[in-house]
Each structure stands twice: as C-alpha cells, then as structure tokens.
Number of protein chains: 2
Amino acid sequence: MSSLTRPGGRTARVRDAVLRATGDLLAESGFAALDLAEVARHAGVGRTTVYRRWGTPTGLIADVLVAMADESVPRARTGSIADDLRANARLVRSTLADVRQGRLFKAVVVAGACDDRAADALHGFYAARIDEWAPCVDEAIGRGQLPDGTDARQVIAAVSAPLYYALLQSGQPLTEALADQAAGAALAAAQAGAFAAR
Amino acid sequence: MSSLTRPGGRTARVRDAVLRATGDLLAESGFAALDLAEVARHAGVGRTTVYRRWGTPTGLIADVLVAMADESVPRARTGSIADDLRANARLVRSTLADVRQGRLFKAVVVAGACDDRAADALHGFYAARIDEWAPCVDEAIGRGQLPDGTDARQVIAAVSAPLYYALLQSGQPLTEALADQAAGAALAAAQAGAFAAR
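Residues numbered from 1 in each chain as written. Chains lettered and ligands numbered in written order. Predicted model: local features only at pLDDT ≥ 70, side-chain atom pairs only at ≥ 80, totals over all residues. Heavy atoms only, no water.

As named in an unreviewed UniProt entry, chain A is TetR/AcrR family transcriptional regulator, taken from Solicola gregarius.

If you want it as structure tokens, here you go:
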C-alpha cells in the first residue's frame, strides 16, 4: 500500500468495489445465484477479503442495503405536500422501473423473504427511506395542510406501497400516471384523516 | 384403478395431493428448495406422474396459483362500500399474518420475482382476486357512494398494497388496525376522486 493512501481510503475503495459488484450480480442473476468468489472476481479484490469481511451472501446484501440507504436521494422540499408526495412517488417509480434498479430491488426483497438477517437489513433500509421523507408530512401538519395526529410514516409508506404492489404482485406497468395516482390517493386519504389516530 | 373410480376423479385427487404437498413444502422451505421428487414423496404419488404433468418447480407453482385463485374466498356483499373494503383488508391481513399462508405467499412472490413464467401465474392470481372484489366498488358507484369513473381495480389494489408492503418491505406488524387503516385510506381516496379518470 502506498504511504499516500490512507488505510480508511483503501478499505472504503474495496467496499465500494465489492458492493458495486454485488449489486451488479444481484441485478443480473438474483439472490439465489449470489456467490462470494464471483463477487470478489468481479470486484477485482481477493476472495479472502470478501469472505473475511462479509462472510455470506446475506452479509453482502445487508451491507448493500446500508450503502443504498446512505447514498439514496434526499427528500423534496417544495413547500407543498402535494408536490412533495408526487416527487416521492415519481422517485420510487423511476427507481423500480429502471431495469438494473428494478432487478436489484426484486433481488433484495427476495433475500428478505428468504433470510431473517436480510429481512432485518431490508426493514432498516425502508425505515431509513421513510424517516427521510416523513418530515414532509410533519411540516404539512405544522402548516395546517393535514390533520393533527396524522401518522407521517404511514402516509409515506402508502405512497410507495401501490408501486411495489405493481412490481411484485399485480405486474401492472409502472407508469408515471400510476405514481401520481399513488401520491394523490395517499394525500386525499391523509387530508380526510385516514392516517390520524382516532 | 378400481372400476368404481372415475379417471377424472383420480386425476383430481392426484392434483389435490400434489398441490397440497407443494404448498406445504413452499411454506416450509421456500421456492429455491422446491424439488419435484420431494413433492411426489410428500404427496404419495409417483415421481413420473409429477415430472410428466408439472415438469418443473415453476410449473408446480403456476398450478398452485391457479388452485389458490379457484379456491379463494368470495367477496363480501354487505351493501356498504366501507364494510366491503374493510372485509377485504381483514381477509388479506389474516391470510398474510397466518404462519403457513404468509410463508406460502412470500414463496410465490419470490417465485414471481425470480422466474417469468411464475410471474405470469402470479399476476393471473392477483388479477382473479381483484376481479372478484372490484364489483364492490362498481356497485358503490351505482349507488352514488363513489364518484363516476372511479377505477374499481385500483381501489381494490390500494386496499391490499399497504399490507403486502408491511409483509415484504417495511416489516411492520400485520395488525387488524393496519388492515382497517388500509381500507379506510383507500375509501377516503376513492371518495375524493383520487381513482377517477380526469
């Protein structure tokens, strides 16, 4: 290692390469085919490094999800709850409709459905995304645009849920119209008090 | 074969046994572990029969989904759209919260995410379930309880989506309160015209 390279820098570069390779292989072949030796080869790092640091495919997926949460897009701040929720729905839609990202999300959901540790990591990823966007709702409550007691996290989950349902259950095309409908439905329900404690 | 047994009767009994065994094994070990020889052994039928009739794990899953659609519970007919949607949400919730059924649904969603033919069968299953319940919405439109032009299928999908999101993405507990909230949110959004063509 060059004396010009900080150890943290090299470690971070190895992690970037390994997680990028893991994402590529997950998007290409799914969870069941994920193999640590192949990840190491694709990343151009030693097998021993991958086995020692991540241990199992589940360990890799958990770290991929941590990186996905860290790197994901910050929330909108338009000042309008309708525009914020629409921006959220369109971001989720464009992510899931993208070929590589859509396959990657299917693969991590499959991992979560098959493995308890991957499920914990997956739930952590969605908790982080919901935490990022929930302030849109709380600020709208503060501006008097939504009823007091509205559960911000449930509103954000309600925006995404129909888009995941289209991806994984119904197979309905992930159009921008579907995203706008999901955002509009979540907003109308929130305005009517459907997410407020009774 | 006894002369007292109709061939159709025997065929139907073999199918029942094989699909029951497939469902049990899917719920127990998931899609990746599904093995035709093990299905045959659990069903008490010859391997050759299973290989000849279903061919692959995906073929078995496709037929399991046809049977699940055929056997699934008919829709509510309460005369009130609020009560109908709540009954639908509670049915979905109790199904997904049931240990065996929850695992079976995870396994078929995993199969659909991993295999195109299984995906077609999965979309067919959800189309059948949505077709079964959509008349609740159409009847409510007829009674003047919901706006003209409301997309009945999207309303039904919106009732289920947050429950699948809890099962597969967020890991939120599948409580009856969550089901009632999903039904109430879909209804409020429909009443506000969020599912009506513009």
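Now that the structure has been shown, we can carry on.
*Asks:* Sorry if this is basic, but what is going on with the interface of chain A and chain B here?
*Replies:* You'll often see interface size given as the accessible area lost when the parts meet. Facing the 30 residues of chain A at the interface are 30 residues of chain B. Buried area between chain A and chain B, summed over both chains or domains, comes out near 2700 Å², and the portion from carbon and sulfur atoms is 66%. There are 0 salt bridges connecting chain A and chain B. Counting across the interface, chain A meets chain B through 4 residue pairs in polar contact (both at pLDDT 80 or more). Elements that contribute at least two residues to the side of chain A that touches chain B include exactly α6 (99-114), α7 (116-142), α8 (152-170) and α9 (176-191) of chain A. Per-class residue counts for the side of chain A that touches chain B are 20 nonpolar, 9 polar and 1 charged. (Contact = heavy atoms within 4.5 Å. Buried area = accessible area lost by both parts, 1.4 Å probe. Salt bridge = Lys/Arg side-chain N within 4 Å of Asp/Glu carboxyl O. Polar contact = N/O pair within 3.5 Å; in protein donor to acceptor, adjacent residues only side chain to side chain. Helix = DSSP H or I, 4+ residues; strand = E, 2+ residues; numbered from the N terminus. Nonpolar A, V, L, I, M, F, W, Y, C, P; charged D, E, K, R; others polar.)

*Asks:* In this structure, what is going on with the side chain of Arg-93 of chain B? I would like to understand it.
*Replies:* With respect to the helices, strands and loops of the structure, Arg-93 of chain B is situated in helix α5 (residues 81-97). Glu-176 of chain B provides the closest opposite charge to the buried, unpaired Arg-93 of chain B, separated from it by 4.6 Å. (Buried < 20%, exposed > 50% of the residue type's maximum accessible area, 1.4 Å probe, protein only. Lys, Arg positive; Asp, Glu negative; His and termini not counted.)

*Asks:* Help me understand helix α7 (residues 116-142) of chain B, please; the structure alone is not making it clear to me.
*Replies:* One turn of an α-helix holds 3.6 residues; hence residues three or four places apart share an orientation. Residues and elements named next belong to chain B. When the terminal C-alpha atoms of α7 are compared, their 38 Å separation across 27 residues agrees well with the 39 Å that a helix rising 1.5 Å per residue should span. Approximately 30 degrees is the largest bend angle found in α7, and it occurs at Trp-133, with the proline Pro-135 only one to four residues beyond. Near the N-terminus of α7, the side chain that reaches the backbone nitrogen of Arg-117, with its oxygen 2.9 Å away, is that of Asp-115. (Expected span 1.5 Å × (residues − 1). Bend = angle between axes of the 7 residues up to and from the residue.)

*Asks:* Quick question: what am I supposed to make of the pattern of salt bridges here?
*Replies:* Opposite charge on two side chains makes pairing possible when the charged atoms of those side chains draw close. All names here are of chain B. Counting across every chain of the model gives 16 salt bridges over all chains. With a shortest N-O distance of 3.0 Å, Asp-83 and Arg-86 are connected by a salt bridge. Of this pair, Asp-83 and Arg-86 both sit in helix α5, 3 residues apart, which is roughly one turn of the helix. Judged by its relative accessible area of 32%, Arg-86 is partly exposed. Ionic pairing is found between Arg-90 and Asp-180, a salt bridge with its closest N-O pair at 2.8 Å. In this pair, Arg-90 sits in helix α5 while Asp-180 sits in helix α9 (residues 176-191), placing the two residues 90 residues apart along the sequence. Owing to a relative accessible area of 19%, Asp-180 belongs among the buried residues under this scheme.

*Asks:* Looking at this model, I keep getting lost on the UniProt feature "DNA-binding region" (unreviewed entry) in chain A. Mind explaining?
*Replies:* The feature "DNA-binding region" (unreviewed entry), as annotated in UniProt, sits at residues 35-54 of chain A in this numbering. Between the first and last C-alpha atoms of residues 35-54 of chain A the distance is 12 Å; the span itself is 80% helix and 0% strand. (UniProt positions renumbered as here; feature names shortened; annotations may be inferred.)

*Asks:* Could you clarify how one ought to interpret the packing of aromatic side chains in this entry?
*Replies:* What characterises a pair of aromatic rings is the spacing of the ring centres plus the angle enclosed by the ring planes. By the definition in use, this model includes 12 aromatic pairs over all chains. Measuring from centroid to centroid gives 5.8 Å for Tyr-164 of chain A and Tyr-165 of chain B, while their planes differ by 65 degrees, and the two rings are edge-to-face. Remark: Tyr-165 of chain B occurs in helix α8 (residues 152-170) and Tyr-164 of chain A occurs in helix α8; the pair is interchain, linking two chains. Accessibility classification places Tyr-164 of chain A together with Tyr-165 of chain B in one group, the buried group. Cluster of aromatic residues (ring-pair linked, three or more members): Phe-105, Phe-125, Tyr-126 and Tyr-164 of chain A together with Tyr-165 of chain B. (Phe/Tyr/Trp six-rings, centres within 6.5 Å; stacked < 30°, edge-to-face > 60°.)

*Asks:* Is there a simple way to think about the relation of the copies chain A and chain B in this case?
*Replies:* In summary, the two copies of the chain are related to each other by a rotation about an axis coupled with a shift along it. Of the transformation placing chain A onto chain B, the axial shift is 0.0 Å and the rotation is 180 degrees, giving an RMSD of 0.0 Å. The superposition of one copy onto the other is thereby described by a two-fold rotation axis. Same-surface contact between copies: 100% of interface residues of chain A are shared with the interface of chain B. (Least-squares fit on C-alpha atoms with pLDDT ≥ 70 in both.)

*Asks:* Can you help me understand the UniProt feature "domain: HTH tetR-type" (unreviewed entry) in chain A in this one?
*Replies:* The positions that UniProt labels "domain: HTH tetR-type" (unreviewed entry) are, in the present scheme, residues 12-72 of chain A. Summarising residues 12-72 of chain A: 80% helix, 0% strand, and an end-to-end C-alpha distance of 18 Å.

*Asks:* Explain the environment of Tyr-126 of chain A here, please?
*Replies:* Looking at the secondary structure, you find Tyr-126 of chain A in helix α7. Taking the relative accessible area as the measure of exposure, Tyr-126 of chain A reaches 3% and is therefore buried. Sequence separation of Tyr-126 of chain A and Arg-15 of chain A is 111 residues, and the distance between their C-alpha atoms is 22 Å. The contacts of Tyr-126 of chain A, once residues within four sequence positions are left out, are Phe-105, Val-109 and Tyr-164 of chain A together with Tyr-165, Gln-169 and Ser-170 of chain B.

*Asks:* Help me out: how do you make sense of the packing of α7 of chain B against α8 of chain B in this one?
*Replies:* Packed helices, taken two at a time, are described by the angle between their axes plus the distance between the axes. Residue and element names in this part refer to chain B. With their axes 7 Å apart at the nearest point, α7 and α8 run at an angle of 120 degrees to one another. The pairing of α7 with α8 is recorded here as oblique in orientation. The chirality of how α7 crosses α8 is right-handed. Residues Tyr-126, Ala-127, Ile-130, Asp-131, Trp-133, Ala-134, Val-137 and Asp-138 of α7 touch α8, and the partners they reach there are Ala-152, Arg-153, Val-155, Ile-156, Ala-157 and Tyr-164. Considering only residue class, the contact of α7 with α8 consists of 11 nonpolar, no polar and 3 charged. (Axes fitted to C-alpha atoms, helices over the stretch in contact; angles between N-to-C directions. Parallel < 35°, antiparallel > 145°, perpendicular 65-115°, else oblique. Left-handed = near helix turned anticlockwise from the far one by under 90°.)

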